[in-house]
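Observations on the model geometry
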Amino acid sequence: MRPELERLHRIEQYLLSTSAATDWQRQLRLDPTLADDAHEQLRLYQALHEAGRLQLRRELSRIHTRLYGPRRTGWFTAATAGLRTVLLRWPRFRSRS
Amino acid sequence: MSTMSAPLKLLELPLPVQPIAPSAANLRQALLTNREQTLTQLYQRTFPMVRRHVQRHGGSEQDAQDVFHDALVVFYEKTVRGTLHLTAAPSTYLVGVCRNLWQREVERRRRQPQTELTAEDAARVVAEADAPEPRESPPVLEFVERLGAKCRSVLLAFYYFQQPLEQIAAEHAYAGIRSATVQKFKCLERLRRAVRAAWFPNENR
């Protein structure tokens, strides 16, 4: 990976607590901008978490609509919709509707 | 500059999975591999019971849906993180959570009953709407929503839905875990750059 991506990876390992705290302290001493970058990366993760929740809620709404949403028109009504449109153009049928 | 001496606690990130009961483990696996189908089955089994309870206790169909979605979001997050301890069927567990949530909502509404909008309230709302809003940097969430569909999907799959990298690689047509990892960090970098460009336009990092 490119050095910039390796850096993101290194910060992620720290944020996930998979790298030792002592090692992190050593890296902080060597790289004074690391702490700010880690803080910024943490905000990205929080936003991703929020976005994930929103997506899950959208998926749940779609499931709800599919299961309990407005009923679809039956096949007979759908199949004869075109015929009804044509018939309604005739004055004789229009008066009945 | 902020100091980061203490390790951060990030419950939202994919932490090492704790040992879980077999049924919760099976459910976790099902949610990770086929989220839509698993959630649909849970929905079909559980929502009618939740709706009946909420409607019998003064709520509407919409209230039931809101409460159920709140419960399902927490349920999903706990299950995929391996922190869910099931002692009953998932639907029983969810109904229990929904009952508690609805009870709390009923009490909240009792404490803060909706009041009618008075003329003074309306005037204040209009005045507030007319006042110029202070210009703030857009929240990071907006930049996530603006990411390309594939990048957004990869990042959410890993950081929120907790899917394994093998699955992410297969679903997004990457050659393997290594490739999926690189793509994930490239997308994270893209997100970070977008945020920095908007928040710190004069910085060149």
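Residues numbered from 1 in each chain as written. Chains lettered and ligands numbered in written order. Predicted model: local features only at pLDDT ≥ 70, side-chain atom pairs only at ≥ 80, totals over all residues. Heavy atoms only, no water.

Overview of the overall build of chain A
Using the following cut-off: The way it works is that DSSP assigns letters per residue, a run of H or I at least four long becomes a helix, a run of E at least two long becomes a strand, and they are numbered from the N terminus. In this scheme, a residue with accessible area under 20% of its type's maximum is buried, one over 50% is exposed, and one in between is partly exposed, where area comes from a 1.4 Å probe on protein chains only. We call two residues in contact whenever any of their non-hydrogen atoms come within 4.5 Å of each other. A 1.4 Å probe and the Shrake-Rupley method give the accessible areas. Residues count as covered only by the protein chains that appear here.
From N to C terminus, chain A includes six helices and zero strands. Order of helices (α) and strands (β) in chain A, N terminus to C terminus: α-α-α-α-α-α. With 97 residues in all, chain A has 35% of them scored as buried. For chain A, long-range pairs separated by at least 24 residues make up 45% of all intrachain contacts whose partners lie at least 6 apart in sequence. Entry remark: accessible area of chain A is about 6400 Å², with carbon and sulfur atoms responsible for 57%.

Overview of the overall build of chain B
Helix and strand counts for chain B stand at nine helices and zero strands. In chain B, the succession of α and β elements from N to C terminus is α-α-α-α-α-α-α-α-α. Burial analysis of chain B (205 residues in total) assigns 40% to the buried set. Excluding contacts between residues fewer than 6 apart, the proportion of contacts in chain B whose partners are at least 24 apart in sequence is 66%. Element-wise, carbon and sulfur atoms account for 52% of the exposed surface of chain B, whose accessible area totals about 12200 Å².

Considerations on the state of the cysteines
All names here are of chain B. The condition is simple: Any cysteine sulfur atom paired with another within 2.5 Å is treated as part of a disulfide.
Scanning the entire structure with this criterion turns up one disulfide over all chains. Sulfur-sulfur distance for the disulfide between C151 and C187 comes to 2.1 Å. Classification of the bridge connecting C151 and C187 rests on its S-S torsion, roughly -85 degrees, and on that basis the disulfide is left-handed. Placement of the pair is C151 in helix α7 (residues 149-159) and C187 in helix α9 (residues 177-199), with a sequence separation of 36 residues. Accessibility assignment for this pair places C151 and C187 in one class, buried.

Let's talk about helix α3 (residues 61-81) of chain B
Keep this limit in mind: A helix is expected to reach a length of 1.5 Å times the quantity of its residues less one.
An ideal rise of 1.5 Å per residue puts 30 Å on 21 residues; α3 of chain B measures up with 30 Å between its terminal C-alpha atoms. Most of α3 of chain B sits out of view: 15 of its 21 residues are buried.

Some thoughts on the nonpolar core
Within soluble globular proteins, side chains that are nonpolar generally end up buried alongside one another. Let me state the cut-off plainly: Residue types Ala, Val, Leu, Ile, Met, Phe, Trp, Tyr and Cys, when buried and joined through side-chain atoms within 4.5 Å, form a set referred to as a nonpolar core.
Formed by 71 residues in total, the largest nonpolar core has its most connected members in L48 of chain A together with L72 and L188 of chain B. Of all the elements, helix α3 (residues 34-68) of chain A adds the most residues to this core, at 12 residues. Residues in contact with L48 of chain A, not counting those within four places in the same chain, are V144, L155, L156, Y159, Y160, L188 and L191 of chain B.

Observations regarding the pattern of salt bridges
Where we set the bar: One speaks of a salt bridge when a side-chain nitrogen belonging to Lys or Arg is within 4 Å of a carboxyl oxygen belonging to Asp or Glu.
Tallying each qualifying case throughout the model produces 20 salt bridges over all chains. One salt bridge connects D23 of chain A with R26 of chain A, and the closest N-O pair in it is separated by 2.8 Å. Of this pair, D23 of chain A and R26 of chain A both sit in helix α2 (residues 21-30), separated by three residues, roughly a single helical turn. Judged by its relative accessible area of 41%, R26 of chain A falls in the partly exposed class. The partner of E145 of chain B in a salt bridge is R152 of chain B, with the nearest N and O atoms 3.5 Å apart. Among the ionic contacts, a cluster of salt bridges with common partners joins R7, D31, D37 and E40 of chain A together with R196 of chain B.

Quick look at the packing of aromatic side chains
For the record, the criterion: Here the aromatic set is Phe, Tyr and Trp, taking the six-membered ring for Trp, and pairing holds for ring centres within 6.5 Å; pairs whose planes are under 30 degrees apart are stacked, those over 60 apart are edge-to-face, and all others are tilted. Placement of a charge over a ring requires the Lys NZ or Arg CZ to be within 6 Å of the ring centre, with the centre-to-atom vector within 35 degrees of the ring normal.
This structure, assessed with the given rule, holds 12 aromatic pairs over all chains. Aromatic pair Y160 of chain B and F161 of chain B: ring centres 5.0 Å apart, planes at 85 degrees, arrangement edge-to-face. Grouping residues by exposure puts Y160 of chain B and F161 of chain B together as buried. Grouping aromatic residues by their ring pairs yields a cluster made of Y68 of chain A together with Y43, F47 and F68 of chain B. A cation sits over an aromatic face here: R146 of chain B above F143 of chain B, 5.0 Å from the ring centre.

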